[in-house]
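Geometric and topological summary
Next come the chains, spelled out residue by residue.
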Amino acid sequence: MSVEDGGTPGLGRPRQARWTLMLLLSTAMYGAHAPLLALCHVNGRVPFRPSSAVLLTELTKLLLCAFSLLVGWQAWPQGAPPWRQAAPFALSALLYGANNNLVIYLQRYMDPSTYQVLSNLKIGSTALFYCLCLRHRLSARQGLALLLLMAAGACYAAGGLQDPGNTLPGPPSAAAAGPMPLHVTPLGLLLLILYCLISGLSSVYTELLMKRQRLPLALQNLFLYTFGVLLNLGLHAGGGPGPGLLEGFSGWAALVVLSQALNGLLMSAVMKHGSSITRLFVVSCSLVVNAVLSAALLRLQLTAAFFLATLLIGLAVRLYYGSH
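Since we're looking at a predicted model, the values are computed, not measured. Here the residue numbers are simple positions, counted from 1 along each chain's written sequence. For a predicted model such as this one, the threshold for reporting local features is a pLDDT of at least 70, and the threshold for listing and counting side-chain atom pairs is 80 or more; totals across whole chains, interfaces and linings nevertheless cover every residue. Where side-chain values are given, they derive from all heavy atoms of the structure, hydrogens and water being excluded.

Digging into the overall build of the chain
Comment: elements are numbered from the N terminus, with helices defined as DSSP H or I runs of at least four residues and strands as E runs of at least two. Check the secondary structure of the chain and you find 12 helices and 2 strands. Secondary structure elements of the chain occur, N-terminal to C-terminal, as α-α-α-α-α-α-β-α-α-α-α-α-β-α. Only protein chains enter the accessibility calculation, which uses a 1.4 Å probe; a residue is then buried when its area is under 20% of its type maximum, exposed when over 50%, and partly exposed in between. Here the chain, with 324 residues, has 43% of them falling under the buried criterion. Entry remark: accessible area of the chain is about 16600 Å², with carbon and sulfur atoms responsible for 68%. Computed by Shrake-Rupley with a 1.4 Å probe, the accessible areas treat only the displayed protein chains as cover when residues are assessed.

Here we look at the pattern of salt bridges
Any carboxyl oxygen of Asp or Glu that lies within 4 Å of a side-chain nitrogen of Lys or Arg is treated as forming a salt bridge with it. In the structure shown here, the tally under the stated rule is 2 salt bridges. In this structure, Lys 61 engages Glu 58 in a salt bridge whose closest nitrogen and oxygen atoms are separated by 2.9 Å. Taken together, the residues Lys 61 and Glu 58, both in helix H2 (residues 50-70) and 3 residues apart, mark about one turn of the helix. Each member of the pair, Lys 61 as well as Glu 58, is classed as buried.

A look at the environment of Phe 89
Take Phe 89: it is sitting in helix H3 (residues 88-106). A contact between two residues is defined here by any heavy atoms of the two lying within 4.5 Å. Not counting residues within four places of it along the chain, the set of residues in contact with Phe 89 comprises Leu 209, Met 210, Gln 213, Gln 220, Phe 223, Leu 224 and Phe 227.

Describing the packing of helix H5 (residues 121-134) against helix H6 (residues 140-159)
Axis geometry follows a simple rule: fit a line to the C-alpha atoms, using only the stretch in contact for helices, then measure angles between N-to-C directions, giving values from 0 to 180 degrees. The N-to-C vectors of H5 and H6 enclose an angle of 155°; their axes lie 8 Å apart at closest approach. On the basis of their axis angle, the class for H5 and H6 is roughly antiparallel. Taken together, the residues of H6 that come into contact with H5 (itself represented by Leu 121, Ile 123, Gly 124 and Ala 127) are Leu 146, Leu 149 and Met 150. Classification convention: Asp, Glu, Lys, Arg as charged; Ala, Val, Leu, Ile, Met, Phe, Trp, Tyr, Cys, Pro as nonpolar; all other residues, Gly among them, as polar. Class assignment for the residues of the contact of H5 with H6 results in 6 nonpolar, 1 polar and no charged. Just so you know how the angles are binned, under 35 degrees is roughly parallel, over 145 roughly antiparallel, 65 to 115 roughly perpendicular, and the rest oblique.

Some words on the side chain of Gln 260
With respect to the helices and strands, Gln 260 occurs in helix H10 (residues 251-273). Contact partners of Gln 260, with chain neighbours within four places excluded, come to Met 29, His 33, Thr 57 and Lys 61.

Quick notes on H5
Here a helix's expected span is defined as the number of its residues, less one, multiplied by 1.5 Å. In this model H5 runs 20 Å from its N-terminal to its C-terminal C-alpha over 14 residues, within 8% of the 20 Å that 1.5 Å per residue would give. Residues of H5 that are buried include every one of Ile 123, Ser 125, Thr 126, Ala 127, Phe 129 and Tyr 130, and no others. Structurally, H5 contributes buried residues whose contacts are with H6, helix H8 (186-212) and helix H11 (276-297). Arg 135 lies just past H5 and shows a positive phi near 55°.

Concerning the packing of aromatic side chains
Two rings from Phe, Tyr or Trp (for Trp, the six-membered ring) form a pair when their centres sit within 6.5 Å of each other. Planes less than 30 degrees apart are called stacked, planes more than 60 degrees apart edge-to-face, and all others tilted. With the rule as written, the count across this model stands at 6 aromatic pairs. Between Tyr 320 and Tyr 321, the ring centres sit 5.0 Å apart and the planes meet at 65°, which makes this aromatic pair edge-to-face. On the basis of relative accessible area, Tyr 320 is assigned to the buried category, the value being 1%. Here Tyr 321 falls in the partly exposed class, since its relative accessible area comes to 25%. Here the aromatic cluster, defined as three or more aromatic residues joined through ring pairs, consists of Phe 281, Tyr 320 and Tyr 321.

Some points on a nonpolar patch on the surface
A cluster of nonpolar side chains, contributed by Phe 67, Leu 70, Val 71 and Trp 73, occupies part of the molecular surface with about 500 Å² of accessible area. Among the secondary structure elements, Leu 70 is positioned in helix H2. Patches draw on residues past 30% relative accessible area with no salt bridge. Two like charges within 9 Å are joined, as are two nonpolar side chains (Val, Leu, Ile, Met, Phe, Trp, Tyr) within 5 Å.

Points about unusual backbone geometry
Residue Arg 135 is not a glycine yet carries a positive backbone phi of 55°. Residue Arg 135 is classed as exposed on the basis of its relative accessible area of 78%. The backbone of Arg 299 shows a phi angle near 60°, a positive value even though the residue is not glycine.

Structure follows, in structure tokens:
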């Protein structure tokens, strides 16, 4: 399996086992994010500012990277620190920040179900930028695998989980507030296309940057998360009055921040040593974890759409990574 295919060439069994374990951990953390957020709810609402969680997550990643360099887990480059190589990471942080904010604004112009289904178009945009920027051609088999991955995400979003007390289609969270009609405005569709393009571009640009620079991953992450902290600090400060930075945080909220920080570090390793396509498969496979945890912790019911989505994901993995 080549780097472009999402693997690492020439790995021995111990390193291959560590790589597989890393991907499984990242899949589990992605899948656990939504159920953990649901456990944070108080009276049906998140008691802390979302911008606080994002800022603390970026800060945690920054501190973990700095600690890794200080204790020598990764070697500091010889000579003066190459600070000039930090500048390109500002664009990565800006793209990720724009994407995170677009997710919020999109909810104003379409219902959550429509967003969840259409947002799977970012799989196609990531593949497009992957081929254009990294000059890697996907085979017809791999292209079909990514189409199946998009179909699996749309299928799961359309009704993979159901609240036993809510017989209406759509996400379980809509039960308490009453049914919301499916809708999307022209502006919402335009913003969603922009969201998918930025999502694909940010992922592929960061991968290209990390692979071209001959720097320790921890140092590259230090650059990226420094810009991320500064950007999110500005967004948090400019967000107007609201709860304080740590106000409303609980043990579950702290677990959300820590898991997302660790997952971000794992994903950076995937981007450097694997590919953006591997990241897509990790995110898609996490839907299975999300559904199982939601059924176990939140007492939601798995539907036929979930099992169909799981089957499509399995077929996609087999097509993309199986022997040709």
